[in-house]
Amino acid sequence: MSLEEKLSAVMFLEKPLPTKESWRVFGIMSEFVEGAERLEFIQPAVSIFGSARTEPSHPYYKLTEAIARQLSDAGFSVISGGGPGIMEAANKGAFYGKAPSVGLNIQLPHEQHRNIYQDVSQTFRHFFARKYMFVRFATAYIVMPGGFGTLDELMEALTLVQTGKTRKMPIILVCSDFWRGLLDWFQQVLIHEGYILPEDMNLIQIIDEPAEIVNAIFQYYETSGFEPTAAEKEIQLNL
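Residues numbered from 1 in each chain as written. Predicted model: local features only at pLDDT ≥ 70, side-chain atom pairs only at ≥ 80, totals over all residues. Heavy atoms only, no water.

A word on empty space enclosed by the protein
Okay, step 1: With the rule as written, the count across this model stands at one cavity of 30 Å³ or more.
Okay, step 2: Computed from the structure, the largest cavity encloses a volume of approximately 60 Å³.
Okay, step 3: Around the largest cavity sit Phe-49, Lys-131, Phe-134, Val-135, Tyr-141, Glu-153, Glu-156 and Ala-157, which together line it.
Okay, step 4: Those elements that provide at least two residues to the lining of the largest cavity are α5 (127-136) and α6 (148-162). (1 Å grid on protein atoms, 1.4 Å probe; cavity = no way out; pocket = protein on both sides within 12 Å on 5 of 7 lines; lining within 4 Å. Points joined across faces, edges and corners; volume = space filled by probe spheres on them. Helix = DSSP H or I, 4+ residues; strand = E, 2+ residues; numbered from the N terminus.)

A word on unusual backbone geometry
Okay, step 1: Following Gln-43, the chain continues into Pro-44 via a peptide bond in cis, with omega recorded as -5°.
Okay, step 2: Counting through the fold element by element, Pro-44 comes out in the loop between α2 (20-39) and β1 (45-49).
Okay, step 3: Phi is positive for Cys-175, which is not a glycine, with a value near 80°.
Okay, step 4: Following the sequence through the fold, Cys-175 ends up in the loop between β6 (171-173) and α7 (176-191).
Okay, step 5: When its relative accessible area of 10% is taken as the criterion, Cys-175 is described as buried. (Buried < 20%, exposed > 50% of the residue type's maximum accessible area, 1.4 Å probe, protein only.)

Let's talk about the side chain of Asn-115
Okay, step 1: Turning to its location among the elements, Asn-115 is positioned in the loop between β3 (101-106) and β4 (120-124).
Okay, step 2: Within the structure, Asn-115 has its side chain in polar contact with the backbone oxygen of Gly-83 (distance 2.8 Å).
Okay, step 3: Asn-115 has contacts with Gly-82, Gly-83, Met-87, Glu-88 and Asn-91, leaving out every residue within four places of it along the chain. (Polar contact = N/O pair within 3.5 Å; in protein donor to acceptor, adjacent residues only side chain to side chain. Contact = heavy atoms within 4.5 Å.)

Focus: the sheet that holds strand β7 (residues 204-206)
Okay, step 1: Taken together, the seven strands give an open sheet; going across it, the order is β4-β3-β2-β1-β5-β6-β7, and neighbouring strands pair in parallel fashion. In the strand order of this sheet, the two ends are held by β4 and β7, each with one partner. Averaged over all pairs of adjacent strands, the angle between their axes in this sheet comes to 20°, without regard to strand direction.
Okay, step 2: Across four bridges, the pairing between β1 and strand β5 (residues 140-143) is parallel. When the bridges of β5 are listed, Phe-49 appears paired with Val-143.
Okay, step 3: Running over the sheet, helix α3 (residues 59-73) touches β1, β2 (77-80) and β5 and is turned about 175° from β1.
Okay, step 4: Sitting on the sheet, α6 touches β1, β5, β6 and β7, and the angle it makes with β6 is about 145°. (Pairing = 2+ DSSP bridges. Axes fitted to C-alpha atoms, helices over the stretch in contact; angles between N-to-C directions.)

Shown next, in the form of structure tokens:
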């Protein structure tokens, strides 16, 4: 064996073997690929966020179900987190409507179990792959009352639109009494301290009636259409 061949063999042996963390990257990639392929044909779609802890007897549940049904009958696929509570209400309303009910389920040690009202179901292990799908295929966000997870999804949607990392679209908060304190804090603290601009509040709409929500989405896209432009598609590819 020549000296060059010996050096090459030594260098090969010195290369570190793939770690568990490295192999995990391939699992994450597969979630992105499989999710994108499963959801490619669901547009136009609306993502609905809200608490997993809302009982079917609660007014928030019934309101979410009514909103989702009207969206579905109007031709919008409805995307939810696929679990119980508000997520179930969103899927249930869409399931009995005309357009697909889509559940993006997440494997969690507590709370999350797949609801039965899903025409298209996709399960994720990683939150960020799942959250990408909510953004990638949505033409509007509807945010119902919820806890930390709902607030996380709302803030991510606002951040992505504000920074131009995704196209502008309606972000609609439902149940104005629930959200009033947060919006007052935005005004009194964030704007006052200069952390957001006053016009950033225009990214948010507050609408409580299902029919008005559907109309607001149609009005927003009245001149542009639901299909992303070439520039918007490029933006979404670089989320």
